[in-house]
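# Breakdown of the fold
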Amino acid sequence: MTKKLRLGVLGCGRVSARYREVLGQELVHRVQVVVAADLDLPKASAFTQVVGGTPVDNIETLITHKPDLVCVMTESGNHAEHAMQLMRAGLNVLVEKPVALRIEDALAMEDAAREAGVMCAVVKQNRYNPAMRFLRRSIDEGRIGRLVTAGVRVHWCRTQDYYNDPWHGRWSMDGGVLAQQAIHHVDALQWLGGPIEAVCAAGDDILNTLEAEDTAVAIVKFASGALGTIEATTSARDDDFEASIHLVGEKAMAKVGGRALNQLEVWRPVAPQPGDETATQDHSQEVPNGYGFGHGPLLGDVLDRLQRNDRTPPIGVSDALGSLRLIHALYASMETGGWVRMADMPSSSRLGIKG
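Okay, so let's go over this structure. Computed from a prediction, not measured in an experiment: that's the story for all the values here.

## Brief notes about the overall build of the chain
Scanning the chain from terminus to terminus reveals twelve helices and 14 strands. Taking as baseline every contact in the chain between residues at least 6 positions apart, the subset at least 24 positions apart corresponds to 68%. Carbon and sulfur atoms provide 51% of the accessible area of the chain, an area that totals close to 14700 Å². Where the 36 positive side-chain charges of the chain centre and where its 44 negative ones centre are 4 Å apart.

## Concerning the environment of Val-31
Positionally, Val-31 belongs in strand 2 (residues 31-37). A residue is classified by how much of its surface remains accessible, and Val-31, at 5% relative accessible area, is buried. Distance in space between the C-alpha atoms of Val-31 and Leu-7 is 6.4 Å, their sequence separation being 24 residues. The contact partners of Val-31, leaving out residues within four places of it in the chain, are Lys-4, Leu-5, Leu-7, Leu-23 and Leu-303.

## A few points about the layout of surface pockets
Reported here for the largest pocket is a volume of approximately 1000 Å³. Gly-13, Arg-14, Met-73, Thr-74 and Trp-167 are, among the 42 residues lining the largest pocket, the residues nearest its centre. The set of elements that each furnish at least two residues to the lining of the largest pocket consists of helix 3 (59-64), helix 4 (79-88) and helix 7 (160-163). Of the residues contributing to the lining of the largest pocket, the split by class is 13 nonpolar, 16 polar and 13 charged. In this structure, the second largest pocket occupies an estimated 160 Å³ of space. Elements represented by at least two residues in the lining of the second largest pocket include exactly helix 5 (103-116) and helix 12 (317-336). For the lining of the second largest pocket, the residue count by class is six nonpolar, two polar and four charged.

## Observations regarding the packing of helix 4 against helix 5
How two helices pack is summed up by the angle between their axes together with the distance between the axes. For the pair helix 4 and helix 5, interaxial distance at closest approach is 9 Å and the crossing angle is 10 degrees. Relative to helix 5, the element helix 4 lies roughly parallel. Side by side, helix 4 and helix 5 meet where His-79, Ala-80, Ala-83, Met-84 and Met-87 of the first sit next to Asp-105, Ala-108, Met-109, Ala-112, Ala-113 and Ala-116 of the second.

## What about the packing of helix 6 (residues 130-140) against helix 9 (residues 183-193)?
Where helix 6 contacts helix 9, the two axes come as close as 10 Å, and the packing angle between them is 25 degrees. Looking at the two axes, helix 6 sits roughly parallel to helix 9. Every residue of helix 9 that contacts helix 6 at Met-132, Leu-135, Arg-136 and Ile-139 is listed here: Ala-188, Trp-191 and Leu-192. Split into classes, the residues belonging to the contact of helix 6 with helix 9 amount to six nonpolar, no polar and one charged.

## A few points about helix 9
Of all eleven residues in helix 9, ten are buried, a share of seventy percent or more. Residues of helix 9 that are buried: Ile-183, His-184, His-185, Val-186, Asp-187, Ala-188, Leu-189, Gln-190, Leu-192 and Gly-193. Directly beyond the C-terminal end of helix 9, a positive phi value near 100 degrees is found at Gly-194.

Procedures and definitions
Residues numbered from 1 in each chain as written. Predicted model: local features only at pLDDT ≥ 70, side-chain atom pairs only at ≥ 80, totals over all residues. Heavy atoms only, no water. Helix = DSSP H or I, 4+ residues; strand = E, 2+ residues; numbered from the N terminus. Contact = heavy atoms within 4.5 Å. Areas by Shrake-Rupley, 256 points an atom, 1.4 Å probe, with all protein chains shown as cover. Lys, Arg positive; Asp, Glu negative; His and termini not counted. Charge placed at Lys NZ, Arg CZ, Asp CG, Glu CD. Buried < 20%, exposed > 50% of the residue type's maximum accessible area, 1.4 Å probe, protein only. 1 Å grid on protein atoms, 1.4 Å probe; cavity = no way out; pocket = protein on both sides within 12 Å on 5 of 7 lines; lining within 4 Å. Points joined across faces, edges and corners; volume = space filled by probe spheres on them. Nonpolar A, V, L, I, M, F, W, Y, C, P; charged D, E, K, R; others polar. Axes fitted to C-alpha atoms, helices over the stretch in contact; angles between N-to-C directions. Parallel < 35°, antiparallel > 145°, perpendicular 65-115°, else oblique.

Below, the structure is given as structure tokens:
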């Protein structure tokens, strides 16, 4: 029997509920949770009561437990600082999205991992969804052909109480719907549609009151010549309704939808092949919420590599930088009121700026 890896958790907020399920059920035979840390000690205690381990209220004490891997789930604006502190202590990390709020911080994380000889993996769980993997294979096999247009829609619900805590919706610690909720779908747009050349975006807080935006729209120009759209809001009422991506190509049309990019809703190839008639059923799954089921397979992939003494992440900082740079370009477009070219390396004047 393979030895269980010792795991630590830093931050026991909203997303930790999904990790309780993964660590307490899906991967309980592969990991031993040894420590969970949160500044609010009762939150850490509630987490360890489900999955085991010692609850602590600071990162320094967590480090003394020397876990093989730490899942970093603190506030977005603290991801870089916390991950680098852990890596400099010789610990491998898996960082929730976004990898960081500032591009320069993400690059520093990549340097810290290399210098310490540890893994810095990043959570992009939707890439593990069967529907998304089917589309990625179809693109690689040339079944989409030349892309004509692609777009994402995120219609989720966050009410005012979500933004009334000390960090959600703040430019210094979070950003708005693009940086927090839709970052997975922006990642999918690039992952499936290819590099983006330029963007033009607009955003505002429509139903919620926050520093950043709860609703954003954008037009994108792909390097391939294709055109695309982004539409995202947390003002959908009164539940998470849709998170989808569609592709229109010269050889096929496709749409992945559901709450969490979990349903292959449309697959219409010009030249059908065996299996296409059942593809929408074969590559879809039902999920209970916007997190989907990708965390388990992603974390399992990380564990596999660590057990082989391989510190190469399945999804690393370099992968996450694509969506982070695009988020900055979208915000820079909002700030300047016009088109922004990715080649100009745009950076938001607000996102991640503290003090």
